[in-house]
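# Coordinate inspection notes
This is what each chain is made of:
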Protein chains: 2
Amino acid sequence: MATFELPGGLETLKQALGKLPGIGPRSAERLALHIVQCQDDWVRHLSGALIAAKERIAFCRDCGSLTEEQPCSLCADPNRDGTLICVVERPTDIYSFEKSSFFKGLYHVLGGHISPLNGVEPEDLRIRELEQRLEAGTIKELVLALGSNVEGDSTCYYLGDRMRRTGLRITRLAQGVPVGGGLEFVDELTIERALEGRRQME
Amino acid sequence: MATFELPGGLETLKQALGKLPGIGPRSAERLALHIVQCQDDWVRHLSGALIAAKERIAFCRDCGSLTEEQPCSLCADPNRDGTLICVVERPTDIYSFEKSSFFKGLYHVLGGHISPLNGVEPEDLRIRELEQRLEAGTIKELVLALGSNVEGDSTCYYLGDRMRRTGLRITRLAQGVPVGGGLEFVDELTIERALEGRRQME
C-alpha cells in the first residue's frame, strides 16, 4: 500500500480550510473530519453563511470600511465628528477603534502601506480618495493610525508631506507602554518611545 | 454609542465558524474578516467543498469508516488480511492506523464507548454489526484499539466478555511510553503500564 489518502471530498475540504490564516494542515484535517460528521443542517448553514457574508459585505464607497450599506453606518451617522478622520491601513483596524468607543470621528482605510519592495506605491493606496474627502473642507484633523513598523512610519511621513499643503492638523497615535501589562513584556524601542512621549502628571 | 457590532452577515459567519472545534470567538472573528476580504472564487470554492464533502462522505456499511463508496476502499481491498479486525471508537481513529501503514487487517468502528453516565449503552454502539461480521467465520482475531481511559477500558472488558464465546483471539494495544519522547513527559500510570508490559531484549 502506498501513502494513505483521505476520501476525495474530504481532501478537497481539508485543502480549502488549510488556506485560512492560522489553520495548518493538521488543524485543517481535524476541522474537515469534524465537519463531515456534523449535522447536515449546520454544514449547510456554514456554507451559506460564507457565500452570504462574501456577497453582502462590500467596501464603503467613502471610508473603505466593510459594510452592507452605502455609505457605511459610520459615515452615515450624523452624531459622529465630521471634522476628524482617523486613517487606518485595513478595514479591520476600524473594529479595534470601535470596540473602545473612544474615537467619535470618521475613518479612512488606505488599503495597506507604502512598500516599494512589495510593489505597493502611493497610487495603489486610497490616498486620492482621501484627498477628495478633504475637498469638502469640513475636515480639520487627520489622525494617522498606521502600523508601528518601518512601512507604517514611512507611509506616515509620505502622507504628512503630501497633506502638508492642505493646512490640516496631522497627528499620529501616541507610542508607549500598553495598558495593563508589566514592563517586563515591553521591548526597548517601546520604552524609548514611552520615555520620549512622557507627560507631566496633573 | 452602544456596544460595537459587526455588519450582520459578518456576525452570522463569525457565529457559524465559532462552532468549529478549537475556534474561539476571537479566531472566528479573525477568520470571518479574512474570508470577506478574500477572492470571490475562493469563498465559493470553500462553501462548495463543505457541501460536497458532507454530501459525498458517508459511513461504510461494513466497517463504519468515512467513505465515498460502499463498501469503503479498505473493506473492498483484497490485499488486506481478512482474518484480523481492529476495533476503534471513531472513524477518524482509522486514519491514525493507516498513516503508519503497519496494520494490514480490516477495521470496525464502534461509534463511541460505553458510558452509562452519558446515556451510551452497549446497544448504542455498532456491536451487533461486529457480531454479524464475525458470523462469516473468516475472522480470527479482534484487536481492541479503544481509548486508554476508564470508558475505553470498561468497553474493552465488556467486549472481551461478550465475544469470549466466539472463541476468537482478542487482544488490546500495548500500553507504554510513546516513541521519540523523553521520559520526563510520561505520566506515572503510563510508566507503570510500560513496566508491566516490559519485553525481553532480543
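Residues numbered from 1 in each chain as written. Chains lettered and ligands numbered in written order. Predicted model: local features only at pLDDT ≥ 70, side-chain atom pairs only at ≥ 80, totals over all residues. Heavy atoms only, no water.

### A short note on the packing of helix α1 (residues 8–17) of chain A against helix α2 (residues 25–36) of chain A
Residue and element names in this part refer to chain A. The interhelical angle for the contact between α1 and α2, taken along N-to-C directions, is 130 degrees, at an axis separation of 8 Å. If you check the angle between α1 and α2, you find them oblique. Two packed elements cross with a definite hand, and for α1 against α2 that hand is right-handed. On α2, the residues touching Leu 10, Leu 13, Lys 14 and Leu 17 of α1 are Pro 25, Ala 28, Glu 29, Leu 31, Ala 32, Leu 33, Ile 35 and Val 36. Across the contact of α1 with α2, the residue classes break down as 10 nonpolar, no polar and 2 charged. (Axes fitted to C-alpha atoms, helices over the stretch in contact; angles between N-to-C directions. Helix = DSSP H or I, 4+ residues; strand = E, 2+ residues; numbered from the N terminus. Parallel < 35°, antiparallel > 145°, perpendicular 65-115°, else oblique. Left-handed = near helix turned anticlockwise from the far one by under 90°. Contact = heavy atoms within 4.5 Å. Nonpolar A, V, L, I, M, F, W, Y, C, P; charged D, E, K, R; others polar.)

### Overview of the interface of chain B and chain A
Tallying the contact residues gives 50 residues for chain B and 50 residues for chain A. When the two sides are added together, the surface that chain B and chain A hide from each other amounts to roughly 4,800 Å², 73% of it contributed by carbon and sulfur. Run the count over chain B and chain A and you get 2 salt bridges. On inspection of chain B and its partner chain A, the count reaches 11 residue pairs in polar contact (both at pLDDT 80 or more). Taken together, the elements giving at least two residues each to the side of chain B that touches chain A come down to α1 (8–17), α2 (25–36), α3 (40–56), β2 (66–67) and α5 (93–100) of chain B. (Buried area = accessible area lost by both parts, 1.4 Å probe. Salt bridge = Lys/Arg side-chain N within 4 Å of Asp/Glu carboxyl O. Polar contact = N/O pair within 3.5 Å; in protein donor to acceptor, adjacent residues only side chain to side chain.)

### Let's talk about helix α6 (residues 127–135) of chain A
Residue and element names in this part refer to chain A. If you check which residues of α6 are buried, you get Ile 127, Leu 130, Glu 131, Arg 133 and Leu 134. Projected down its long axis, α6 shows its buried positions confined to an angular sector of 160 degrees, all on one face. Exposed side chains of α6 directed beyond 90 degrees from the buried face belong to Arg 128 and Glu 135. Buried residues belonging to α6 abut α4 (73–76), β3 (81–88), β4 (105–109), β5 (141–144) and α7 (150–163). (Buried < 20%, exposed > 50% of the residue type's maximum accessible area, 1.4 Å probe, protein only. Arc of directions from axis to C-beta.)

### Thoughts on the domain arrangement of chain A
Segmentation of chain A into domains returns domain 1 (8–56) and domain 2 (66–200). If you average the C-alpha positions of domain 1 of chain A and of domain 2 of chain A, the two centres end up 35 Å apart. (Domains from an automatic or database assignment.)

### Looking at the sheet that holds strand β3 (residues 81–88) of chain B
All names here are of chain B. As summarised here, the arrangement of the 4 strands in space is β4-β3-β5-β6, forming an open sheet in which the pairing is parallel. Unpaired on one side and paired on the other, β4 (105–109) and β6 (169–172) mark the two borders of the sheet. Pairs of neighbouring strands in the sheet enclose a mean axial angle of 25 degrees, with direction left out of account. The pairing of β3 with strand β5 (residues 141–144) spans 4 bridges and is classified as parallel. When the bridges of β5 are listed, Cys 86 appears paired with Val 143. (Pairing = 2+ DSSP bridges.)

### Points about the packing of helix α3 (residues 40–56) of chain A against α3 of chain B
The geometry of α3 of chain A relative to α3 of chain B is characterised by a closest axis approach of 9 Å and an angle of 170 degrees between their N-to-C directions. Taken together, the axis directions place α3 of chain A and α3 of chain B in an arrangement best described as roughly antiparallel. Residues Asp 40, Val 43, Arg 44, Leu 46, Ser 47, Leu 50, Ile 51, Lys 54 and Glu 55 of chain A of α3 of chain A touch α3 of chain B, and the partners they reach there are Asp 40, Val 43, Arg 44, Leu 46, Ser 47, Leu 50, Ile 51, Lys 54 and Glu 55 of chain B. Per-class residue counts for the contact of α3 of chain A with α3 of chain B are 8 nonpolar, 2 polar and 8 charged.

### Concerning the relation of the copies chain B and chain A
With an axial shift of 0.0 Å and an RMSD of 0.1 Å, the rotation relating chain B to chain A amounts to 179 degrees. When the rotation and shift are considered jointly, the pair of chain copies conforms to a two-fold rotation axis. Among all C-alpha atoms of chain B, that of Ser 47 of chain B lies closest to the rotation axis, at 2.2 Å. In this assembly, 100% of the residues forming the interface of chain B have copies in chain A that are likewise at the interface, indicating an isologous arrangement. (Least-squares fit on C-alpha atoms with pLDDT ≥ 70 in both.)

### Things to note about the sheet that holds β3 of chain A
Residue and element names in this part refer to chain A. Taken in spatial order, the 4 strands line up as β4-β3-β5-β6 in an open sheet, and their pairing is parallel. Sheet topology places β4 and β6 (169–172) at the edges, where each strand pairs with a single neighbour. Strand-to-strand twist in this sheet, taken as the mean axis angle between neighbours without regard to direction, amounts to 25 degrees. For β3 and β4, the ladder comprises 5 bridges, and the chain directions are parallel.

### A word on the nonpolar core
Grouped together as the largest cluster of nonpolar side chains are 46 residues, with contacts concentrated most on Leu 10, Leu 13 and Leu 17 of chain A together with Leu 10, Leu 13 and Leu 17 of chain B. At the level of elements, α1, α2 and α3 of chain A together with α1, α2 and α3 of chain B are the ones that each hand at least two residues to this core. Every residue in contact with Leu 13 of chain A, bar those within four places of it in the chain, is listed here: Ala 32 and Ile 35 of chain A together with Leu 46, Ala 49, Leu 50 and Ala 53 of chain B. (Core = buried A, V, L, I, M, F, W, Y, C linked by side-chain atoms within 4.5 Å.)

### Regarding the environment of Gln 70 of chain A
All names here are of chain A. The residue Gln 70 is located in the loop between β2 (66–67) and α4 in this model. Residue Gln 70 is classed as partly exposed on the basis of its relative accessible area, which comes to 39%. Residues in contact with Gln 70, not counting those within four places in the same chain, are Ala 58, Phe 59, Cys 60 and Arg 61. Among the polar contacts listed, one links the side chain of Gln 70 to the backbone oxygen of Phe 59, at a separation of 2.8 Å. From its side chain, Gln 70 meets the backbone nitrogen of Arg 61 in a polar contact 2.8 Å long.

### Digging into the packing of aromatic side chains
Applying the stated criterion to the full structure yields 6 aromatic pairs over all chains. Arranged with centres 6.3 Å apart and planes meeting at 65 degrees, the rings of Phe 97 of chain A and Phe 103 of chain A form a pair that is edge-to-face. The pair formed by Phe 97 of chain A and Phe 103 of chain A is uniform in burial state, with each residue classed as buried. Ring centres 6.1 Å apart and planes at 65 degrees place the aromatic pair Phe 97 of chain B and Tyr 107 of chain B in the edge-to-face group. Placement of the pair is Phe 97 of chain B in helix α5 and Tyr 107 of chain B in strand β4, with a sequence separation of 10 residues. Looking at Phe 97 of chain B, the relative accessible area reads 18%, which means it is buried. Assessed through its relative accessible area of 1%, Tyr 107 of chain B is described here as buried. Pairwise contacts between aromatic rings join Phe 97, Phe 103 and Tyr 107 of chain A into one cluster. (Phe/Tyr/Trp six-rings, centres within 6.5 Å; stacked < 30°, edge-to-face > 60°.)

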